[in-house]
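Geometric and topological summary
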Amino acid sequence: MNILLWHVHGSWTTAFVQGPHTYLVPVTPDRGPDGLGRARTFPWPESVREVPPDELARTPVDLVLLQRPHEIELAERWLGGRRPGRDVPAVYLEHNAPDGDVPHTRHPCADRDDLLLVHVTHFNRLFWDNGRTRTEVIEHGIVDPGHRYTGRLPRAAVVVNEPVRRGRTTGTDLLPALSEAAPLDVFGMRTEGLAAHLGLPEDRCRAADLPQGDLHAAMAERRLYLHPIRWTSLGLSLLEAMHLGMPVVALATTEAVEAVPAGAGVLSTRPEVLAEAARRYVHEPEAAAEDGARARDAALGRYGLKRFLHDWERVIEEVTRG
């Protein structure tokens, strides 16, 4: 099939395009938010094709995968008047937990009978007000980076984008106290200046933005993965860390309590408990490696690529035949 989707979430799309279809990704001259084209830092197969908007009207499309509200109108315009959900089958994929009047947040696709609304976590489906729209949950899948954990550096890896701007949402305010238990290496976009913003010395809070391949190698060298995010869907970096064989220390919020089982790390809503767990892993590398191995087993069982693609094939077949 020809599946039209925008390049919105690079990590998620990397798993999705491992399926058996042709994936049409809009590209514009400026490679702006609606025309990023193929990823430059993720390994995508040749089945992902860049298509300029002016070619989409005459391009056969079997399914539109929507991920942002404005894409509904954008798809109809670029597809020459074909309406997603009416003239071409459509799925709306919701990556995010609701933001705003939680738990009364109304989903933009609530009460629609012309498309399927797919959430990436059960937490998201529970907390969004979906109205009468038919919903599914397809949990994340990860392209397995391999068991690469060494933990040779007694530091904690944190992966978060824009920690200064996002502040309390990403638990940025918790980092100074946690850095006393384990020095931090914070990876992600726009992390520069984080240590100065928090008033921390550079050796307690380093920052870097790395391509995915380099990021996995760097994460695997750190003793533990720290996930201080208060409100999120389910960070794919958390699942990637588990696949790498890293023990997890995380706030027990949103879907993290489902993703990280007992024995794979420590979850708590008490920052002091997380600090103690990080301190223990730093000083007990064998315990860290053992918990990390259990984290990998759990992630492979629940968030493996084969299960993810199988779930999507079932939904794609159902929607396009329906």
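Residues numbered from 1 in each chain as written. Predicted model: local features only at pLDDT ≥ 70, side-chain atom pairs only at ≥ 80, totals over all residues. Heavy atoms only, no water.

So, the overall build of the protein chain
- Each helix and strand in the protein chain was counted, giving 13 helices and 13 strands.
- For a compact globule of 322 residues, the expected C-alpha radius of gyration is about 20 Å, and the protein chain comes in at 20 Å, within 12% of that figure.
- Expressed as a percentage of the 322 residues in the protein chain, the buried residues total 55%.
- Considering only intrachain contacts with a sequence separation of at least 6, the fraction spanning at least 24 residues in the protein chain is 66%.
- Surface summary for the protein chain: the accessible area is close to 13,900 Å², and the carbon and sulfur share equals 50%.
- Between the mean site of the 37 positive side-chain charges and the mean site of the 45 negative ones, the protein chain shows a separation of 1 Å. (Helix = DSSP H or I, 4+ residues; strand = E, 2+ residues; numbered from the N terminus. Rg over C-alpha atoms; globule rule 2.2 N^0.38 Å. Buried < 20%, exposed > 50% of the residue type's maximum accessible area, 1.4 Å probe, protein only. Contact = heavy atoms within 4.5 Å. Areas by Shrake-Rupley, 256 points an atom, 1.4 Å probe, with all protein chains shown as cover. Lys, Arg positive; Asp, Glu negative; His and termini not counted. Charge placed at Lys NZ, Arg CZ, Asp CG, Glu CD.)

Thoughts on the sheet that holds strand β3 (residues 48-51)
- One open sheet accounts for 7 strands, arranged β3-β2-β1-β4-β5-β6-β7; its pairing is parallel. Of all strands in the sheet, those with a lone pairing partner are β3 and β7 (135-137), marking the two edges. Taking each pair of neighbouring strands and ignoring which way they run, the sheet shows an average axis angle of 25°.
- Sheet topology places strand β2 (residues 22-26) next to β3; 4 bridges connect them, and they run parallel. Bridge pairing in β3 links P26 to V51.
- Here helix α3 (residues 71-78) sits on the sheet and contacts β2 and β4 (63-66); the angle it forms with β4, its principal contact strand, is near 150°. (Pairing = 2+ DSSP bridges. Axes fitted to C-alpha atoms, helices over the stretch in contact; angles between N-to-C directions.)

Regarding the nonpolar core
- With 76 residues, the main nonpolar core has W12, F16, L65, V91, M219 and W312 as its most contacted residues.
- Those residues within four positions of M219 in sequence are excluded, and the remaining contacts are A157, V159, Y225, S237, A241, L244 and M246. (Core = buried A, V, L, I, M, F, W, Y, C linked by side-chain atoms within 4.5 Å.)

Here's the deal with helix α9 (residues 236-244)
- Within α9, 9 of the 9 residues are buried, which leaves the element mostly enclosed by the surrounding structure.
- Within the span of α9, buried status applies to L236, S237, L238, L239, E240, A241, M242, H243 and L244.
- G245, located one to two residues past α9, shows a positive phi value of around 95°.

Examining the pattern of salt bridges
- If you walk through the whole model with that rule in mind, you get 31 salt bridges.
- We note a salt bridge from E318 to R134, for which the minimum N-O separation is 2.7 Å. Of the two residues, E318 is situated in helix α13 (residues 305-321) and R134 in the loop between α4 (122-127) and β7; the sequence distance between them amounts to 184 residues.
- What makes E318 partly exposed here is its relative accessible area of 34%.
- Judged by its relative accessible area of 42%, R134 is partly exposed.
- Linking E139 and R302 is a salt bridge whose minimum nitrogen-to-oxygen distance equals 2.6 Å. Of this pair, E139 sits in the loop between β7 and β8 (153-159) while R302 is found in helix α12 (residues 285-303), placing the two residues 163 residues apart along the sequence. (Salt bridge = Lys/Arg side-chain N within 4 Å of Asp/Glu carboxyl O.)

Some details on the pairing of strand β9 (residues 184-187)
- With burial as the criterion, each face of β9 is covered, one bearing L184 and V186 and the other bearing D185 and F187.
- Sheet topology places β8 next to β9; 4 bridges connect them, and they run parallel. When the bridges of β9 are listed, A156 appears paired with L184.
- By the bridge criterion, 4 bridges tie β9 to strand β10 (residues 205-208) in an arrangement that is parallel. Across the sheet, residue L184 finds its bridge partner in β10, namely C205.

Let's talk about the packing of aromatic side chains
- In this structure the tally under the stated criterion is 9 aromatic pairs.
- Residues W12 and F308 carry aromatic rings whose centres are separated by 6.0 Å and whose planes lie at 85° to one another, so their mutual orientation is edge-to-face. In this pair, W12 sits in helix α1 (residues 10-16) while F308 sits in helix α13, placing the two residues 296 residues apart along the sequence. For the pair formed by W12 and F308, the shared burial category is buried.
- Judged by centre distance (6.1 Å) and plane angle (75°), the rings of F127 and W231 are edge-to-face. Here F127, found in helix α4, pairs with W231, found in the loop between β11 (222-227) and α9; they are 104 residues apart in sequence, far enough to count as distant. (Phe/Tyr/Trp six-rings, centres within 6.5 Å; stacked < 30°, edge-to-face > 60°.)

Some words on the environment of H243
- Of note, H243 is situated in helix α9.
- In this view, H243 contacts I142, D144, P145, G146, H147, R296, A299, L300 and Y303; residues no more than four positions away in its chain are not counted.

Remarks on the sheet that holds strand β12 (residues 248-251)
- Spatially, the 6 strands line up as an open sheet ordered β10-β9-β8-β11-β12-β13, and their pairing is parallel. One side of each edge strand has no neighbouring strand; the edge strands of this open sheet are β10 and β13 (265-268). Sheet twist, expressed as the mean angle between neighbouring strand axes with direction ignored, is 20°.
- The strands that helix α11 (residues 271-283) touches are β8, β11, β12 and β13; relative to β13, the one it contacts most, it runs at about 170°.

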